[in-house]
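Understanding the architecture of this molecule
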Amino acid sequence: MTRASLNKQPHEVAEMFDDVAERYDLTNDVLSLGQDRRWRKEVAKAVDARPAQKVLDLAAGTATSSLPFARAGAYVVPCDFSLGMLQVGKKKHPWLPITAGDATRLPFRDDTFDAVTISFGLRNVQDTDAALSELYRVTKPGGRVVICEFSHPTWAPFRTVYTEYLMRALPPVARSVSSNPDAYVYLAESIRAWPDQPALAEKLQKAGWSKVAWRNLTGGVVALHRGFKQL
Ligand SMILES: C[S@@+](CC[C@H](N)C(=O)[O-])C[C@H]1O[C@@H](n2cnc3c(N)ncnc32)[C@H](O)[C@@H]1O
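Criteria and cut-off values
Residues numbered from 1 in each chain as written. Predicted model: local features only at pLDDT ≥ 70, side-chain atom pairs only at ≥ 80, totals over all residues. Heavy atoms only, no water. UniProt positions renumbered as here; feature names shortened; annotations may be inferred. Near = heavy atom within 4 Å. Polar contact = N/O pair within 3.5 Å; in protein donor to acceptor, adjacent residues only side chain to side chain. Areas by Shrake-Rupley, 256 points an atom, 1.4 Å probe, with all protein chains shown as cover. 1 Å grid on protein atoms, 1.4 Å probe; cavity = no way out; pocket = protein on both sides within 12 Å on 5 of 7 lines; lining within 4 Å. Sits in = over half its atoms within 2 Å of the grid points. Nonpolar A, V, L, I, M, F, W, Y, C, P; charged D, E, K, R; others polar. Buried < 20%, exposed > 50% of the residue type's maximum accessible area, 1.4 Å probe, protein only. Helix = DSSP H or I, 4+ residues; strand = E, 2+ residues; numbered from the N terminus. Arc of directions from axis to C-beta. Contact = heavy atoms within 4.5 Å. Core = buried A, V, L, I, M, F, W, Y, C linked by side-chain atoms within 4.5 Å. Points joined across faces, edges and corners; volume = space filled by probe spheres on them.

- For the protein chain, an unreviewed UniProt entry supplies the name Demethylmenaquinone methyltransferase and the organism Streptomyces griseoluteus.
- Here the protein chain is described in UniProt, under the heading Sequence similarities (unreviewed entry), as follows: "Belongs to the class I-like SAM-binding methyltransferase superfamily. MenG/UbiE family."
- Within the UniProt record for the protein chain, the comment given under Catalytic activity (unreviewed entry) is "a 2-demethylmenaquinol + S-adenosyl-L-methionine = a menaquinol + S-adenosyl-L-homocysteine + H(+)".

Set out below in structure tokens:
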């Protein structure tokens with residue numbers, strides 16, 4: 001069983017997701033205590049996909065994160081580099097144009113999408129800045145980005161309880177539901193090491209995004225960052 005380390009070697013990350021693919025959606029529901037469904041609704045609202053708009057859902061995994069955009073009538077392209085995750089996605093949602101691709105070298109032309117989004121994916125990409133620049137490149141002028149990622153709770157007492165949950169409670173729970181429990185040790189470690197809300201906003205600005213802002217969900221367990229590509 002593969003477990004990525006914090007240097008996020010792409011082949012290790014892809015293999016780790018291949019290993020968890022079959023039970024990925026179930027494990028998510030259990031470990032997030034059902035919160036993931038609420039977070040996805042908030043992402044859908046933030047992206048605000050309209051009929052016939054082109055939306056890129058990067059690091060889409062099993063394409064669960066792509067469904068709200070398809071339901072809104074948009075043409076959504078789920079893209080990921082774990083073939084295991086994509087195969088599960090294709091079995092579940094055969095009508096979606098599931099695409100293999102690496103976030104740091106996207107297989108799309110410049111200025112293609114009205115909106116680009118990535119849920120719980122950016123933290124796993126080895127070169128965050130390259131992924132943010134690629135997302136920018138493939139977005140149409142005037143288009144938008146929404147990033148949904150684990151972040152850092154803002155209220156110190158809650159942050160302490162949450163960190164305890166991540167480091168102590170989550171791995172044993174993962175052992176009972178996941179096909180690769182070690183992957184969830186990586187999950188906890190990578191969340192702890194991830195930039196906080198202002199630091200990620202700064203990265204977005206450096207990649208060219210304007211009007212960057214964020215909103216915390218569940219007290220900052222998750223943050224939604226958004227930005228625009230200037231006309
Ligand atoms: C936690 S899953 C998120 C899946 C989905 N977006 C969701 O919300 O359920 C993270 C995904 O990021 C993908 N990923 C990580 N690094 C990537 C990269 N460089 N290029 C494309 N996908 C990547 C993994 O393969 C994995 O499927």
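**Thoughts on the site of the ligand**
- Taken together, 20 residues are adjacent to the ligand, and Y24, A59, D80, A103 and S119 come closest.
- A distance of 3.0 Å separates a nitrogen atom of the ligand from a polar atom in the side chain of S65.
- D102 places a polar side-chain atom, nitrogen or oxygen, 3.1 Å from a nitrogen atom of the ligand.
- Taking 600 Å² as the accessible area of the ligand by itself, protein coverage stands at 97%.
- The site holding the ligand turns out to be the largest pocket.
- Across the shell around the ligand, the residue classes tally to ten nonpolar, seven polar and three charged.

**A short note on helix α1 (residues 10-20)**
- All buried positions along α1 are accounted for by V13, A14, M16, F17 and V20. On an axial view of α1, the arc spanned by its buried residues comes to 160°, and they lie on one face.
- Buried positions along α1 lie against α2 (24-31), α5 (83-92) and α8 (183-193).

**Some remarks on the nonpolar core**
- Among the nonpolar cores identified, the biggest contains 42 residues, and F150, Y184 and V222 are the most heavily contacted of them.
- By residue number, the principal contributor to this core is α8, which donates six residues.
- Setting aside residues up to four positions removed in sequence, Y184 forms contacts with V20, Y24, T27, L31, L170, A174 and S178.

**Some details on unusual backbone geometry**
- Even without being glycine, A63 reaches a positive phi, approximately 75°.
- Topologically, A63 is positioned in the loop between β1 (54-58) and α4 (67-71).
- Judged by its relative accessible area of 0%, A63 is buried.
- Despite not being glycine, D111 has its phi angle at roughly 55°, a positive value.
- Within the fold, D111 resides in the loop between β3 (99-100) and β4 (113-119).
- Looking at D111, the relative accessible area reads 39%, which means it is partly exposed.

**Focus on empty space enclosed by the protein**
- Summed over all chains, the structure comprises two cavities of 30 Å³ or more.
- Considering only enclosed or pocket space, the largest cavity measures out at about 50 Å³ in volume.
- What lines the largest cavity is R40, V43, A44, S65, P68, F69 and S119.
- Residue assignment for the lining of the largest cavity shows that the elements contributing at least two residues are α3 (35-47) and α4.
- If you tally residues by element for the lining of the largest cavity, the top one is α3, at three residues.
- For the lining of the largest cavity, the per-class residue count stands at four nonpolar, two polar and one charged.
- Put simply, the second largest cavity is a space of about 30 Å³.
- Lining the second largest cavity are E149, F150, S151, W194, P195, D196, Q197, L200, A223 and H225.

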